[in-house]
Amino acid sequence: MKLPRREILRLATAAAALPAVSRFARAENYPARPARIIAGFPPGGVNDTYARLIGQWLSERLGQQFIVENRSGAGGTIAAESVARSVPDGYTLLLTTSAEAWNATLYDNLKFNFIEDFAPVATVSRAPGLLVVYPSLPDKSVPELIADAKSHPGKITVASAGVGSAPHMYWELFRTMSGVDMVHVPYRGGGPAVADLLGGQVMVYFGTTASTIAHVRAGRLRALAVTTATRVPALPDIPALAEFLPGYEASIYVGIAAPRDTPVEIVNTLSREIIRAPADPNMARRIADLADVPLSVATSDFARLIVEETEKWRRVIRAANIRPE
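Criteria and thresholds
- Residues numbered from 1 in each chain as written.
- Predicted model: local features only at pLDDT ≥ 70, side-chain atom pairs only at ≥ 80, totals over all residues.
- Heavy atoms only, no water.
- Helix = DSSP H or I, 4+ residues; strand = E, 2+ residues; numbered from the N terminus.
- Contact = heavy atoms within 4.5 Å.
- Buried < 20%, exposed > 50% of the residue type's maximum accessible area, 1.4 Å probe, protein only.
- Axes fitted to C-alpha atoms, helices over the stretch in contact; angles between N-to-C directions.
- Parallel < 35°, antiparallel > 145°, perpendicular 65-115°, else oblique.
- Nonpolar A, V, L, I, M, F, W, Y, C, P; charged D, E, K, R; others polar.
- Core = buried A, V, L, I, M, F, W, Y, C linked by side-chain atoms within 4.5 Å.
- Pairing = 2+ DSSP bridges.
- Salt bridge = Lys/Arg side-chain N within 4 Å of Asp/Glu carboxyl O.
- Phe/Tyr/Trp six-rings, centres within 6.5 Å; stacked < 30°, edge-to-face > 60°.
- Lys NZ or Arg CZ within 6 Å of the ring centre and 35° of its normal.

Focus: the side chain of His215
Part 1 of the argument: Relative to the helices and strands, His215 is located in helix 9 (residues 209–217).
Part 2 of the argument: Aside from chain neighbours lying at most four places away, what touches His215 is Val194, Leu198, Arg220 and Leu221.

Okay, structure coming up:
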């Protein structure tokens, strides 16, 4: 049977529209099955904690389970690569932090480009660092620590959770801006670093608030400053480093990203729910328990934040000539 030209064109147009209609239907019904949030660090840490908080929040709001899967290794790049390669359908998401911003420069052989290969969804918080010292160190303020380090170059030890970790990045920015010379002692994780700090084997640490605040409150460590640009509500009596080093700011944004080409309707659905989370009293309390600060930034603004953070840490890493372990 020979079809009229007009009918052929109509059928061809309808066939071409099928993928778009199918994508729209999938987006309209999202989520129709359980989804996964991939966390790039082991269970029990701050990264994993936030993945579970956001997963629970989305599960309650969207009526499907958002299950956390931990894929640790290489500073979170293994998890990021797996999500970048996943189907962009909204069912595989990444718990993303500022680690992606510095990993872009730290690792030369990444098989993905975070800025190009991901769709930023939304953030929930910013996590400050906390500059702490072992109590036997006599320095009771940032100016005293800087003066001590300059008077005794190479004598004071500063721990990190490993090359390329947040404590390492915070220290390198401090070193660059203050001009001090301390001995960097990298550990394989924040746990061992804090353990040796509590034992007096190292003197200084730019730790996460979650890993250090309990020890500060118990008097086992002395807090000198938070690493954010301003003081944080959970620690109002502790000054910001920027009060002594103008322009210093180092913190970790925490949010969700999806693979590039995830339908915009799905990204918007996720974004709409996530940016509501920090305003919820229960979620706000959980964020405050970690001594973090709520941060609601979505899609295009989140993308801009990632670009800014990537450029900032690129300069720090290049200036310090940091190489991954």
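Read on for the rest.
Thoughts on the environment of Glu100
Part 1 of the argument: In this fold, Glu100 is placed in helix 4 (residues 99–106).
Part 2 of the argument: Under the relative-accessibility criterion, Glu100 is labelled buried at 9%.
Part 3 of the argument: In this structure, the C-alpha to C-alpha distance between Glu100 and Ile266, residues 166 residues apart in sequence, is 22 Å.
Part 4 of the argument: With residues near it in sequence (within four places) discarded, Glu100 still touches Gly76, Ala80, Leu94 and Phe114.

With respect to the packing of helix 2 (residues 46–62) against helix 10 (residues 264–274)
Between two packed helices, both the angle of their axes relative to each other and the distance between the axes serve to describe the pair.
Part 1 of the argument: Look at helix 2 against helix 10: their axes get within 10 Å of each other, and the N-to-C directions meet at 110 degrees. With respect to their mutual orientation, helix 2 and helix 10 come out roughly perpendicular. For the pair helix 2 and helix 10, the contacting residues are Ile54, Trp57, Leu58, Arg61 and Leu62 in the first and Thr269, Leu270, Glu273 and Ile274 in the second.
Part 2 of the argument: Split by residue class, the contact of helix 2 with helix 10 holds six nonpolar, one polar and two charged.

Observations regarding the nonpolar core
Part 1 of the argument: Judged by nonpolar contacts, the single largest core of 86 residues is most densely connected at Phe174, Met182, Val204 and Phe206.
Part 2 of the argument: Of all the elements, strand 4 (residues 118–133) adds the most residues to this core, at eight residues.
Part 3 of the argument: When residues no more than four places from it in sequence are discounted, the contact partners of Val204 are Leu131, Val132, Val133, Leu137, Leu145, Ile156, Thr157, Val158, Ala159, Met182 and Leu197.
Part 4 of the argument: Val132, Ala161, Ala193 and Val232 belong to the second-largest nonpolar core, a separate cluster that totals 20 residues.

Here's the deal with the pairing of strand 4
Part 1 of the argument: Where burial is concerned, most of strand 4 is hidden: 16 out of the 16 residues are buried.
Part 2 of the argument: Here nine bridges tie strand 4 to strand 9 (residues 251–259), and the two strands are oriented antiparallel to one another. Each residue of the ladder has a partner; that of Ala127, found in strand 9, is Ile252.
Part 3 of the argument: Here strand 4 runs beside strand 10 (residues 293–294); their pairing, made up of two bridges, is antiparallel. Residue pairing across strands places Ser125 opposite Pro294, the latter belonging to strand 10.
Part 4 of the argument: Bridge count for strand 4 against strand 7 (residues 204–208) is five bridges, and the pairing is antiparallel. Residue Val133 lies in a different strand from strand 7, and its bridge partner there is Val204.
Part 5 of the argument: In this sheet, strand 8 (residues 222–226) lies alongside strand 4 in antiparallel orientation, the contact comprising four bridges. Its bridge partner lying in strand 8, Val133 is registered against Arg222.

Section: the pattern of salt bridges
Part 1 of the argument: Enumeration over the complete set of coordinates arrives at 18 salt bridges.
Part 2 of the argument: A salt bridge links Arg36 to Glu69; the shortest N-O distance between them is 3.1 Å. Note that Arg36 is positioned in strand 1 (residues 35–39) and Glu69 in strand 2 (residues 66–70), a separation of 33 residues in sequence.
Part 3 of the argument: Take Arg36: its relative accessible area is 28%, and that puts it in the partly exposed class.
Part 4 of the argument: For Glu69, a relative accessible area of 24% corresponds to the partly exposed category.
Part 5 of the argument: A salt bridge links Glu273 to Arg272, with the shortest nitrogen-to-oxygen separation between them at 3.7 Å.
Part 6 of the argument: Among the residues examined, Glu273 registers a relative accessible area of 8% and is labelled buried.

Thoughts on the pairing of strand 6 (residues 183–186)
Part 1 of the argument: Of the pairings in the sheet, the one linking strand 5 (residues 157–160) to strand 6 comprises four bridges and is parallel in character. For Ala159, the partnering residue across the bridge sits in strand 6 and is Val185.

Let's talk about the packing of aromatic side chains
Part 1 of the argument: Counted by the stated rule, this structure contains eight aromatic pairs.
Part 2 of the argument: A centroid spacing of 5.5 Å and a plane angle of 85 degrees characterise the contact between Trp102 and Trp313, whose relative ring orientation is edge-to-face. You can see Trp102 sitting in helix 4 and its partner Trp313 sitting in helix 12 (residues 299–320), a full 211 residues away along the chain. For the pair Trp102 and Trp313, one class covers both residues: buried.
Part 3 of the argument: With a centroid separation of 4.4 Å and 20 degrees between ring planes, the pair formed by Phe114 and Phe118 is classed as stacked. Across this residue pair, the class does not change: Phe114 and Phe118 are buried.
Part 4 of the argument: Ring pairing ties together the aromatic residues Phe112, Phe114 and Phe118, which thus form one cluster.
Part 5 of the argument: The ring of Tyr91 has Arg33 lying over it, and the distance from NZ or CZ to the ring centre is 3.7 Å.
Part 6 of the argument: The ring centre of Trp57 lies 3.4 Å from the NZ or CZ of Arg61, which sits over that ring.

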